[in-house]
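What the coordinates show
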Amino acid sequence: MVQLLFTLSSHMLFIYVSFYLLKDLVRWEKVLKVTAENTRKVRLLVAFFSIVMGYIMSSFFISLYQLWQEALRGLL
């Protein structure tokens, strides 16, 4: 149960961080043609990018954490 909560909170944290960074740091007007009609679609695209990036980063750090645990168990 603890591992499940740790994994879920890690995913949510990294998704939030990537959404915040993508929203504030990327000038979407220069990358995409943003108009009044497609603003909602661009926001949805940013949300999907955030989910993908956050999940990948979270999975990477969880894997590092698990490898670190296995390494410590091997030393003991």
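Residues numbered from 1 in each chain as written. Predicted model: local features only at pLDDT ≥ 70, side-chain atom pairs only at ≥ 80, totals over all residues. Heavy atoms only, no water.

Looking up the protein chain in an unreviewed UniProt entry gives the name Phosphopantetheine adenylyltransferase, with the organism given as Streptococcus oralis subsp. dentisani.

In this section: the packing of aromatic side chains. For the structure on display, the rule yields four aromatic pairs. Seen from their ring centres, phenylalanine 14 and phenylalanine 61 are 5.4 Å apart, and the 10° between their planes marks the pair as stacked. You can see phenylalanine 14 sitting in helix α1 (residues 2-25) and its partner phenylalanine 61 sitting in helix α3 (residues 39-75), a full 47 residues away along the chain. Between the aromatic rings of phenylalanine 60 and phenylalanine 61, the centroid separation amounts to 5.2 Å while the plane-to-plane angle is 70°, which identifies the pairing as edge-to-face. Look at phenylalanine 60 and you get partly exposed, because its relative accessible area is 49%. (Phe/Tyr/Trp six-rings, centres within 6.5 Å; stacked < 30°, edge-to-face > 60°. Helix = DSSP H or I, 4+ residues; strand = E, 2+ residues; numbered from the N terminus. Buried < 20%, exposed > 50% of the residue type's maximum accessible area, 1.4 Å probe, protein only.)

The next subject is the environment of isoleucine 15. Looking at the secondary structure, you find isoleucine 15 in helix α1. As for isoleucine 15 and phenylalanine 49, which are separated by 34 residues in sequence, their C-alpha atoms are 9.1 Å apart. The contacts of isoleucine 15, once residues within four sequence positions are left out, are Ser50, Ile51, Gly54 and Tyr55. (Contact = heavy atoms within 4.5 Å.)

Between the first and last C-alpha of α3 there are 54 Å, a value that for 37 residues agrees with the 54 Å anticipated at 1.5 Å per step. Restricting attention to buried positions, one finds in α3 the residues Val42, Val46, Ser50, Gly54, Ser58 and Ile62. Of the surrounding secondary structure, the elements contacted by the buried residues of α3 are α1 and α2 (28-31). (Expected span 1.5 Å × (residues − 1).)

Take α1 next. Taking 1.5 Å of rise per residue, the 24 residues of α1 would be expected to cover 34 Å, and the 34 Å separating its terminal C-alpha atoms lies within 8% of that figure. Within α1 the residues assigned to the buried category are Ser10, His11, Phe14, Ser18 and Leu22. On its buried face, α1 is in contact with α2 and α3.

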